[in-house]
Amino acid sequence: MDSFFDLFGPSPSTTASENDTDALNGNQEDSSDDSGISNGSISHLLQQDGSCSDLVLKGIDFNLGYLPPEPQLGNIEYKLKLINPSKQRFEHLVTQMKWRLREGNGEAIYEIGVSDSGHLKGLSDADMTVSLHTLNQMARKLDASTSVLRRKSLPNSRSVVEVLVRKIPDDQHNIEVRVAVLGGADAGKSTLLGVLTQGEFDNGRGRARLNMFRHMHEIQTGRTSCISHETLGFDAQGSVINYKYTEMMTAEEISDRSTKLVTFMDLAGHRRYLKTTVQALSGYCPHHALIVIASGNISNMTREHLAIVQALDISFSIIVTKIDLAPPDQILYELKNLLSSIGYRKIPYLISNEDDVLNANAHQSVEQIVPIFCVSNVTGAGLNLLIQYLYVLSPGISNAEKERLEQEPIEFQIDEIFRVSEVGTVAGGLLCKGVLTENSLVQVGPLQDGSFSSLTVQTIHRNKAPCRVVRAGQSASLSFNTIEPMPALRSGMVILPDYESNEIACGSFFFQAQVSVLFHATRIYKGFQTTVHIGSIRQTAIIEGIMGAGETGIGTNQTASVLFRFLRHPEYVRPGMRILFREGTNKGIGKVTQVFPLKKAPSTTE
């Protein structure tokens, strides 16, 4: 396998065309800039000889003297210098920063002293000071903040600086990233989250995980059986804000004090609760997943979680825990073979210092990198690198896409139902589209006959704190006006806007989807029953027909258009929704192409 830099193309030597590009962007400097630049050596995936540092690809390195060429899309911007720009040039730079912030959903990375071709040319201390001052002025024009992530010293008293620019949307307190935490039973998922959110190391006997559990049987067995939500905050300088930040810290205060908020979903690792875990991944649409593996061996359940995350196309990182009990060398070797196999084709990237953290985050989505952290919840080894990674982790959805979703009619997927004294029924879930406010008139369903019932949203809570509005991509809990008749809610229902009479939402028993079988021991035929996951929907469905398959059915790695029928009750399904179906080790993915509602909307023509 080639090293990471071999995937990018341009060689370390600067070409004339690259210099022309730099000149067009105002990034050109005299030829004396090239002095002292060392091309360095590129690390390759090593021979399988055994040491931990040699088992995983070490590719991007800030010390090599160059970076990959500047990406045209995304939130990363290279600048050679920002010294006394003209008024017109300054406005252009501000517009460019605004675009990069939109691409990064409120976060952008600026590399100062780097040419567009990726060479670390560096600036003198005086020029760097002026350039950083200009960058701060640009950020202030957009009401954004800046913080230096790292500084690299070069020969001839020059340096390169990496800066994080962050702009919180005007109608939000912070930037939120949803992170799902998966892994086999006894891998240490709840303990890891307990250490991160409580700010205290574990005692080696599970003390840190007690605050993560929601039921007595979880405390007794030490195994998570449901979805548990916890938050970790960061201020503008990257300092951690958790329950140990001050005495009597609450979740509401963590949210208020944070410019960035990481919301964790602690998911079950035991096979008995796999359906709940898959439903959470499908329904809550996390931005990122952390796969937790205990140092020793990769369990079958962990392999199952990896396959599901890969099928749902969720970016993920791997956390190897309990390194205080067993060295991680063997499991890193297994991970290298697994991730580089045909089913994944990922590039494993072992994180050993802060440079690795920033490099992996910057290029993870572009080059299919999987960062691997080795930590101990007892000694605290490696936790600082994981925290730094979470601080710079991007939601992965551009602001333009987020704004597009907010313009559409609301669609809130219900995942959990609660009964709260003096409040009544509370529905928890994810707002997929639109903007939902208090006192909104909505309809919820589908009911058993496929119809929807009108309700009024009374209060909204996010991150255990009340709020007035929830936007597309945010999870929340909703309570309703108790005066109105309340239908029996269930997981899998949706909340839609209260349509006019000529637009009637309705549930469906039948839907058609284009599916691909990831694995099946034999073949799938008409009449096959399977558990279907579509968003927060989890229900048994029967295959009523396979188009074009005849009597042969479909098998592993085959694709076909399939007609499904829900077995118990109708669901709200629309074309374009992603579907995951599984039964034991058999699994497949696809997209809904057509639905057959129980009731048709009345015609507007006479």
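Since the structure is predicted, the reported quantities are computational estimates derived from the model, not experimental observations. (Residues numbered from 1 in each chain as written. Predicted model: local features only at pLDDT ≥ 70, side-chain atom pairs only at ≥ 80, totals over all residues. Heavy atoms only, no water.)

1. Comments concerning the overall build of the chain
- In terms of helices and strands, the chain carries 13 helices and 27 strands.
- Burial statistics for the chain: of 606 residues in total, 55% are counted as buried.
- Long-range pairs, those at least 24 residues apart, make up 72% of the contacts in the chain between residues at least 6 apart in sequence.
- Just so you have it, the chain exposes about 25900 Å², and 49% of that area is on carbon and sulfur atoms. (Helix = DSSP H or I, 4+ residues; strand = E, 2+ residues; numbered from the N terminus. Buried < 20%, exposed > 50% of the residue type's maximum accessible area, 1.4 Å probe, protein only. Contact = heavy atoms within 4.5 Å. Areas by Shrake-Rupley, 256 points an atom, 1.4 Å probe, with all protein chains shown as cover.)

2. Here's the deal with the packing of aromatic side chains
- For the coordinates displayed, the defined rule picks out six aromatic pairs.
- Aromatic side chains F452 and Y572 sit 6.0 Å apart centroid to centroid with 85° between the ring planes, which places their arrangement in the edge-to-face category. With a gap of 120 residues between them, F452 in the loop between β16 (441-445) and β17 (453-462) and Y572 in the loop between β25 (559-566) and β26 (578-583) connect regions that are remote in the sequence.
- Each ring, one from F511 and one from F564, has its centre 5.2 Å from the other, and the planes form 10°; the classification is stacked. Highlighted residues: F511 in strand β22 (residues 508-519) and F564 in strand β25, separated in sequence by 53 residues.
- Through a chain of ring-to-ring contacts, the aromatic side chains of F511, F564, F566 and F581 assemble into a single cluster. (Phe/Tyr/Trp six-rings, centres within 6.5 Å; stacked < 30°, edge-to-face > 60°.)

3. Observations regarding the sheet that holds strand β3 (residues 145-154)
- On the basis of which strands lie adjacent, the open sheet formed by four strands has the order β1-β2-β4-β3 and mixed pairing. Each edge of the open sheet carries a strand with a single partner, namely β1 (76-79) and β3. Taken pair by pair, the neighbouring strands of this sheet meet at an average axis angle of 20°, ignoring direction.
- Lying on the sheet, helix α4 (residues 125-141) is in contact with β2 (107-112), β3 and β4 (158-166); it crosses β4 at an angle near 10°.
- Sheet strands touched by helix α12 (residues 383-392): β2, β3 and β4. Its angle to β3, the strand with the most contacts, is close to 125°. (Pairing = 2+ DSSP bridges. Axes fitted to C-alpha atoms, helices over the stretch in contact; angles between N-to-C directions.)

4. Points about the environment of V163
- Checked against the element boundaries, V163 lands in strand β4.
- In this structure the C-alpha to C-alpha distance between V163 and E77, which are 86 residues apart in sequence, comes to 10.0 Å.
- When sequence neighbours within four positions are dropped, the list of residues in contact with V163 reads A108, I109, Y110, L132, L135, T146, S147, V148 and L149.

5. A closer look at helix α9 (residues 300-311)
- In a regular helix each residue adds 1.5 Å, so 12 residues correspond to 16 Å; α9 covers 16 Å between its end C-alpha atoms and thus fits that length.
- For α9, the full list of buried residues reads M301, T302, E304, H305, L306, I308, V309 and A311. (Expected span 1.5 Å × (residues − 1).)

6. Considering the packing of helix α8 (residues 274-284) against α9
- Interhelical geometry of α8 versus α9 gives an angle of 25° and a closest axis separation of 11 Å. Classified by the angle between their axes, α8 and α9 sit roughly parallel to one another. Relative to α9, the crossing made by α8 is right-handed. Of α9, the residues touching α8 (which contributes L274, T277, V278 and L281) are M301, E304, H305, I308 and V309.
- Tallied by class, residues from the contact of α8 with α9 come to six nonpolar, two polar and one charged. (Parallel < 35°, antiparallel > 145°, perpendicular 65-115°, else oblique. Left-handed = near helix turned anticlockwise from the far one by under 90°. Nonpolar A, V, L, I, M, F, W, Y, C, P; charged D, E, K, R; others polar.)

7. Concerning the pairing of strand β12 (residues 369-374)
- Counting buried positions over the six residues of β12 gives six, a clear majority of the element.
- Here β12 shows a buried face lined by I369, P371 and F373 and a second buried face lined by V370, I372 and C374.
- By the bridge criterion, three bridges tie strand β10 (residues 316-321) to β12 in an arrangement that is parallel. Looking at the pairing, V320 lines up with C374 of β12.
- Pairing of strand β11 (residues 347-350) with β12, which is carried by four bridges, proceeds in the parallel orientation. Counterpart to I347 in the pairing with β12 is I369.

8. Looking at the sheet that holds β25
- One closed barrel holds the six strands; their spatial order is β22-β25-β24-β23-β26-β27, and the pairing between them is antiparallel. Between one strand axis and the next, the sheet turns through 45° on average, direction left out of account.
- Pairing between strand β23 (residues 529-534) and strand β24 (residues 537-547): six bridges, direction antiparallel. Within β24, the residue paired with I534 across the bridge is I537.
- Strands β23, β24 and β26 of the sheet are contacted by α8, whose axis makes an angle of about 35° with β23.

9. Some remarks on the pairing of β26
- Pairing of β23 with β26, which is carried by three bridges, proceeds in the antiparallel orientation. Across the sheet, residue H533 finds its bridge partner in β26, namely L580.
- As paired strands, β26 and strand β27 (residues 586-597) are joined by six bridges and run antiparallel to one another. Bridging across to β27, L580 finds its partner in I589.
- Hairpin geometry of β26 and β27 is characterised by an intervening segment of two residues between the two adjacent antiparallel strands and by a positive phi of about 65° at G584.

10. Regarding the pattern of salt bridges
- The final tally for this structure, using the stated rule, is 17 salt bridges.
- Several salt bridges converge on common partners, so that one network encompasses R404, E408, E411, K433 and R574. (Salt bridge = Lys/Arg side-chain N within 4 Å of Asp/Glu carboxyl O.)

11. Describing α4
- Across its 17 residues, α4 extends 24 Å between first and last C-alpha, which sits within 8% of the 24 Å expected from 1.5 Å per residue.
- Within the sequence span of α4, burial applies to M128, S131, L132, T134, L135, M138 and A139. The arc that holds every buried residue of α4, seen down its axis, measures 160°, which confines them to one face. Pointing more than 90 degrees away from the buried face of α4 are the exposed residues A126, T129 and R140.
- If you follow the buried residues of α4, they end up packed against α3 (87-103), β2, β3 and β4. (Arc of directions from axis to C-beta.)

12. A look at the confidence of the model for the chain
- Chain-level statistics for the chain give a pLDDT mean of 78 and a share of 80% at 70 or above.
- Low pLDDT (under 50) marks residues 217-222, which in the prediction has 11 contacts with non-local residues, meaning those over four places away or in another chain.
- Under a pLDDT of 50 for its full length, residues 601-606 has, in the predicted model, six contacts with residues more than four places off or in other chains. (pLDDT = per-residue confidence, 0-100.)

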